[in-house]
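The chain contents come next:
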Amino acid sequence: MNKSTLMSKAEGLDAEDKLSRFRDLFSIPTINNNQVLYFCGNSLGLMPKSATEYLSRETADWSMLGVAGHHEASSPWLSYHRMFAKPLSKIVGALPSEVVAMNSLTVNLHLMMVSFYRPTTTRNKILIVGQEFPSDRYAAASQILFHGFDPQHSLIEAMPEPGSQIIEESHIESILAEHADSIAMVLISGVHYYSGQRFDIERICKAAHNAGATFGVDLAHAVGNVELKLHDWNVDFAVWCSYKYLNSGPGGVGGAFVHQQHAANPSLPRFAGWWGNDEASRFQMEYDFSAANGADGWQLSNAPILSMAAHKASLDIFDQVEMVDIFRKRDQLTQFFFDVICSIADEFDFVSIVSHADPQRRGAQISIRFEKQGKEIFNRLAEQGVVVDWRNPSVIRVAPAPLYNSYTDVAKFGILLHEILEDLRN
Ligand SMILES: *Cc1c(COP(=O)(O)O)cnc(C)c1O
């Protein structure tokens, strides 16, 4: 590895980067007064510096206005959640009425399954992708149990081929064909949390519908990261969290999408709460629930304003950028990363890349496998101020986030990793 060539290449790419000015809008953590190399935006995105101001506006309104803030706050709390419909619809490719900011991811997943997983004695299976983030598997299995079925029988996982972490769309299609009479719902991740694999959502959605199943997507690792056209793709429902690539803070408010075609379907069961009631009659405290139009009708509770203030700070940054610019930089930055790791893997044969080689089939994430010494390498990286993510037994996940990571960050990471590997060899 020629370090100075790598650094000057990175600096050249940074100089041409259309998004480079956004880095300064985020707080980059420091250790001993040095900025860390932060590659954990797939776990917790960095804080927009403006979040402090957005939060203090709400605490100031709360302290000065008390309950009157519902109507008189600078952004009245009563309608606060509505500010998110437009920016979120742009990010997930939906109509504003199809999206709502509410609750958190797993809660929303359950609420959506109440409406879209409606098993019968013959059609009661849920198909999910294999090695999924545990919360999704727990949620799906517990819904199956809740309806009186057995997850052993009714939960199907599409596993990768042995020796690979990639789950081919064709494999999912063949499972769907095989179980076409018995699958009630398909749930996939837009981007797989472990491998960074990006799924062809449109293709799997079609296959699910052809098999007579409803189709939902978990966008935890996809939202703010990859192109989404939920409306055009005919996805039935989607859920996401806002604290990964959407940078809206720990435990930040999640989101949900319900396709317009289901918005006014009165036969769809749902768990109801007063905030999902039609606004015109919400405060008349009427006896019967009358759902608000669109995704809003799935809300339960009044909105968590403090968490939403940070969400607003972040989405106002997204509002200043074209999503295509984020996607273009994601491809280039992740490819640069991929190439750096490939050159290291050429030299150290126990290092390999789990993520897909095709940029169109991954998000802003490269998962690196270390056949040995992985944890030690991870610890040494951490000692040098590199923030990445360790997954047992052997994988380091690295997420170069287009909004705040630079090509220089990537080059520095490559150089540090190379030094650590050389040191361990000696
Ligand atoms: C991050 C993530 C979650 C987290 O769920 P919460 O309800 O927000 O705690 C769930 N599923 C997937 C796939 C994730 O990546």
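Residues numbered from 1 in each chain as written. Predicted model: local features only at pLDDT ≥ 70, side-chain atom pairs only at ≥ 80, totals over all residues. Heavy atoms only, no water.

**Side note on the overall build of the protein chain**
In terms of helices and strands, the protein chain carries 16 helices and 17 strands. In terms of overall size, the protein chain behaves like a compact globule, its C-alpha atoms giving a radius of gyration of 23 Å where 426 residues would be expected to give roughly 22 Å. When each of the 426 residues of the protein chain is scored for burial, the buried share is 57%. Residue pairs at least 24 apart in sequence account for 72% of intrachain contacts in the protein chain once pairs closer than 6 positions are excluded. When the accessible area of the protein chain is evaluated, it comes to approximately 17,900 Å², of which 52% is carbon and sulfur surface. Taken as two groups, the 35 positive and 49 negative side-chain charges of the protein chain have centres that lie 1 Å from each other. (Helix = DSSP H or I, 4+ residues; strand = E, 2+ residues; numbered from the N terminus. Rg over C-alpha atoms; globule rule 2.2 N^0.38 Å. Buried < 20%, exposed > 50% of the residue type's maximum accessible area, 1.4 Å probe, protein only. Contact = heavy atoms within 4.5 Å. Areas by Shrake-Rupley, 256 points an atom, 1.4 Å probe, with all protein chains shown as cover. Lys, Arg positive; Asp, Glu negative; His and termini not counted. Charge placed at Lys NZ, Arg CZ, Asp CG, Glu CD.)

**Some thoughts on the pattern of salt bridges**
Taken as a whole and assessed by the stated rule, the structure comprises 20 salt bridges. With a closest N to O distance of 2.8 Å, Asp-409 and Arg-23 form a salt bridge. Here Arg-23 lies in the loop between helix 1 (3-16) and strand 1 (26-27) and Asp-409 lies in helix 16 (residues 407-425), a separation of 386 residues in the sequence. Arg-23 gets classed as partly exposed once you look at its relative accessible area, which sits at 23%. Of the charged contacts in the structure, one is a salt bridge between Lys-49 and Asp-24, with a shortest N-O distance of 3.2 Å. With Lys-49 in the loop between strand 5 (47-48) and helix 2 (51-65) and Asp-24 in the loop between helix 1 and strand 1, this pair connects stretches of sequence that are 25 residues apart. (Salt bridge = Lys/Arg side-chain N within 4 Å of Asp/Glu carboxyl O.)

**Let's talk about the sheet that holds strand 8 (residues 155-158)**
Hydrogen bonds along the backbone pair up the strands of a sheet, which may run parallel or antiparallel. Reading across the sheet, the seven strands line up as 6-12-11-10-9-7-8 and stay open at both edges, with mixed pairing between neighbours. This sheet does not close on itself; its edge strands, each paired only once, are strand 6 (99-101) and strand 8. Strand-to-strand twist in this sheet, taken as the mean axis angle between neighbours without regard to direction, amounts to 15°. (Pairing = 2+ DSSP bridges. Axes fitted to C-alpha atoms, helices over the stretch in contact; angles between N-to-C directions.)

**Things to note about the sheet that holds strand 17 (residues 395-398)**
Spatial ordering of the open sheet is given by 13-14-17-16, a layout of four strands whose pairing is antiparallel. Looking at which strands have only one partner, the edges of the open sheet turn out to be strand 13 (351-353) and strand 16 (389-391). Neighbour-to-neighbour, the strand axes of this sheet turn through a mean angle of 30°, independent of strand direction. As defined by bridge partners, strand 16 adjoins strand 17 across three bridges and the pair is classed as antiparallel. If you follow Arg-391 over to strand 17, its bridge partner there is Val-395.

**A word on the site of the ligand**
With respect to spatial proximity, the complete set of residues near the ligand consists of Leu-105, Thr-106, Glu-132, Phe-133, Asp-136, Asp-218, Ala-220, His-221, Tyr-243 and Lys-244. Between the ligand and Lys-244 there is a distance of 2.6 Å, counted from an oxygen atom to a side-chain nitrogen or oxygen. A class-by-class count of the residues in the shell around the ligand yields four nonpolar, two polar and four charged. (Near = heavy atom within 4 Å. Polar contact = N/O pair within 3.5 Å; in protein donor to acceptor, adjacent residues only side chain to side chain. Nonpolar A, V, L, I, M, F, W, Y, C, P; charged D, E, K, R; others polar.)

**Focus on empty space enclosed by the protein**
One pass over the structure, following the stated rule, counts three cavities of 30 Å³ or more. Approximately 50 Å³ is the volume attributed to the largest cavity. Lining the largest cavity, in full, are Gly-224, Tyr-245, Asn-247, Phe-318, Ile-326, Ala-401, Pro-402, Leu-403 and Tyr-404. Looking at side-chain class alone, the lining of the largest cavity contains seven nonpolar, two polar and no charged residues. Residues lining the lining of the largest cavity come from more than one domain, with at least three contributed by each of domain 1 (3-49 + 322-425) and domain 2 (55-318). (1 Å grid on protein atoms, 1.4 Å probe; cavity = no way out; pocket = protein on both sides within 12 Å on 5 of 7 lines; lining within 4 Å. Points joined across faces, edges and corners; volume = space filled by probe spheres on them. Domains from an automatic or database assignment.)

**A closer look at the packing of aromatic side chains**
When we look at a pair of aromatic rings, we describe it by the centre distance and by the angle of the planes. The tally for this structure, following the rule as stated, stands at 13 aromatic pairs. A centroid spacing of 5.2 Å and a plane angle of 35° characterise the contact between Phe-337 and Phe-413, whose relative ring orientation is tilted. Here the residue Phe-337 occupies a position in helix 14 (residues 323-347), and Phe-413 occupies one in helix 16, the gap between them amounting to 76 residues. There is no split in this pair, since Phe-337 and Phe-413 are both buried. The rings of Phe-26, Tyr-38 and Tyr-404 are connected pair by pair, giving a single aromatic cluster. Arg-270 extends its terminal NZ or CZ atom over the ring of Trp-298, reaching a point 3.8 Å from the ring centre. (Phe/Tyr/Trp six-rings, centres within 6.5 Å; stacked < 30°, edge-to-face > 60°. Lys NZ or Arg CZ within 6 Å of the ring centre and 35° of its normal.)

**What about the domain arrangement of the protein chain?**
When the domains of the protein chain are assigned, the result is domain 1 (3-49 + 322-425) and domain 2 (55-318). Here the C-alpha centroids of domain 1 and domain 2 sit 29 Å apart. Every contact between the two is made by 33 residues of domain 1 and, on the other side, 28 residues of domain 2. Taken together, both faces of the contact between domain 1 and domain 2 bury some 2,600 Å²; the carbon and sulfur share is 56%. Summed over the three residues of domain 1 that lose the most area to domain 2, namely Met-323, Phe-327 and Arg-361, the buried surface amounts to 22% of that side. At the junction of domain 1 with domain 2, the criterion picks out three salt bridges. Linking domain 1 to domain 2 there are 17 residue pairs in polar contact (both at pLDDT 80 or more). At the level of elements, helix 14, strand 14 (366-370) and strand 17 are the ones that each hand at least two residues to the side of domain 1 that touches domain 2. (Buried area = accessible area lost by both parts, 1.4 Å probe.)

**Describing the side chain of Arg-362**
Within the fold, Arg-362 resides in the loop between strand 13 and strand 14. An unpaired buried charge is present at Arg-362: no salt bridge exists, and Asp-331, the closest side chain of opposite charge, is 6.2 Å distant. There is a polar contact of 2.6 Å between the side chain of Arg-362 and the side chain of Gln-335. Within the local environment of Arg-362, its side chain forms a polar contact with the backbone oxygen of Ala-357, the two atoms lying 3.3 Å apart. Not counting the four nearest positions on each side in its chain, Arg-362 is found in contact with Gly-196, Gln-197, Arg-198, Arg-330, Thr-334, Gln-335, Phe-338, His-356 and Ala-357.

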